[in-house]
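Letter by letter, the chains look like this.
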Amino acid sequence: NGAYLNDDMYFKVTATSAGSGAISSKSFATLVDEPLFLARSGVYAIANYYTTTEKVLRNRSYHLDRKLIAEPNLDKACSCVWNRYYILCVNDHCYILDGRNKSEDKYNNTDYLYESYYWENVPAVVFCVYEGELYFGTSDGKLCKFNTDIPNRTAYCDDGVLEGDLMTGGVAIPCEWSTPLDDDDKPQYFKTLN
């Protein structure tokens, strides 16, 4: 607030945090104990600085940023936290940060990163968690629920039928796994890329 003294105006100066601003009002959610939000350069956490109680912004989505920040319409992104996952959806693509798994940032840009996942074909424009189940709404007014009640391998195969130990029919859900033990056809090198 200002005060007038001798025709001069004085204003109180308050320190603020420098950093990125949010781009989508529906991207705010708290994962574990960190408030997260989407900025133009990735997903950021509001975290404590090591030696003080000052709040700083830390990038938590480095593994996804190249693909994420290239998405159009980032201002339309929506998010939620479900089962310790921060799920951010834009343009039918979900970018997931796993609150149960943290990794070091080998470039020392931040104190740690979350393990990350990418899903396609999820046309969410809004999320809702109700009684532990994850729901999403689409732009054409449909309400959808992620299936969590299939206890066997058919959960990973759309319209598949399990006959004994053999899966028949259906369409496999595409996925890709990689580990540090993959040598990418160059066994003389340690793997540095996932």
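Please read all numbers here as calculations on a predicted model, not as lab measurements. (Residues numbered from 1 in each chain as written. Predicted model: local features only at pLDDT ≥ 70, side-chain atom pairs only at ≥ 80, totals over all residues. Heavy atoms only, no water.)

Draft legend 1. Structural context of the state of the cysteines. This model, assessed by the stated rule, comprises 0 disulfides. Here Cys94 stays unpaired: no disulfide links it, and the sulfur of Cys89, its closest cysteine neighbor, is 3.6 Å away. Here Cys94 falls in the buried class, since its relative accessible area comes to 0%. (Disulfide = S-S within 2.5 Å. Buried < 20%, exposed > 50% of the residue type's maximum accessible area, 1.4 Å probe, protein only.)

Draft legend 2. Expanded view of the nonpolar core. Leu36, Leu38, Val43, Leu68, Tyr86, Leu88 and Leu97 are the most contacted members of the largest nonpolar core, which totals 18 residues. The set of elements that each furnish at least two residues to this core consists of strand S3 (29-31), strand S4 (34-39), strand S5 (42-48), helix H1 (62-68), strand S8 (85-90) and strand S9 (93-103). Considering each element in turn, this core owes the most residues, 3 residues, to S8. Once residues within four sequence positions are removed from consideration, Leu68 is found in contact with Leu38, Gly42, Val43, Ser61, Leu74, Leu88 and Tyr95. If you look at the next biggest cluster of nonpolar residues, it comprises 13 residues, including Ile87, Cys94, Ile96 and Leu134. (Core = buried A, V, L, I, M, F, W, Y, C linked by side-chain atoms within 4.5 Å. Helix = DSSP H or I, 4+ residues; strand = E, 2+ residues; numbered from the N terminus. Contact = heavy atoms within 4.5 Å.)

Draft legend 3. The pattern of salt bridges, seen in detail. Under the criterion given, the structure shown has 5 salt bridges. With a closest N to O distance of 3.3 Å, Asp98 and Arg100 form a salt bridge. Overall, the relative accessible area of 2% leaves Asp98 in the buried class. Asp140 is the partner of Lys142 in a salt bridge, and the nearest nitrogen-oxygen pair spans 3.8 Å. Assigned by exposure class, Lys142 and Asp140 land together as exposed. (Salt bridge = Lys/Arg side-chain N within 4 Å of Asp/Glu carboxyl O.)

Draft legend 4. Molecular detail of the environment of Ala70. Among the structural elements, Ala70 can be located in the loop between H1 and strand S7 (78-82). Taking the relative accessible area as the measure of exposure, Ala70 reaches 59% and is therefore exposed. Residues Ala70 and Ser41 lie 29 residues apart in sequence; the distance between their C-alpha atoms is 9.4 Å.

Draft legend 5. Local environment of the sheet that holds S4. Pairing is antiparallel in the open sheet, where 4 strands are placed in the order S3-S4-S5-S6. Looking at strand neighbours, the two that pair on one side only are S3 and strand S6 (55-59), the edges of this open sheet. Recorded for the sheet is a direction-independent mean angle of 40 degrees between the axes of neighbouring strands. Pairing between S3 and S4: 3 bridges, direction antiparallel. Each residue of the ladder has a partner; that of Leu31, found in S4, is Glu34. (Pairing = 2+ DSSP bridges. Axes fitted to C-alpha atoms, helices over the stretch in contact; angles between N-to-C directions.)

Draft legend 6. Main features of the packing of aromatic side chains. Counted according to the given criterion, the structure contains 8 aromatic pairs. Aromatic side chains Trp119 and Phe146 sit 5.7 Å apart centroid to centroid with 45 degrees between the ring planes, which places their arrangement in the tilted category. Linking Trp119 in strand S10 (residues 113-120) with Phe146 in the loop between strand S13 (143-145) and strand S14 (157-158), this pair joins segments that are 27 residues apart in sequence. Put simply, the rings of Trp119, Phe127, Phe136 and Phe146 touch in pairs and so form one group of aromatic residues. Lying across the ring of Tyr112, Arg60 places its NZ or CZ 3.9 Å from the centre. (Phe/Tyr/Trp six-rings, centres within 6.5 Å; stacked < 30°, edge-to-face > 60°. Lys NZ or Arg CZ within 6 Å of the ring centre and 35° of its normal.)

Draft legend 7. Local environment of the pairing of strand S12 (residues 133-137). Pairing analysis gives 5 bridges linking strand S11 (residues 126-130) to S12, with the strands arranged antiparallel. Note that in S12 the partner of Val129 across the bridge is Leu134. Where S11 folds back on S12, the antiparallel hairpin that results is connected by 2 residues, among which Glu131 adopts a positive phi of roughly 50 degrees. Bridge analysis of S12 against S13 gives 3 bridges, and the strand direction is antiparallel. Within S13, the residue paired with Tyr135 across the bridge is Lys145.

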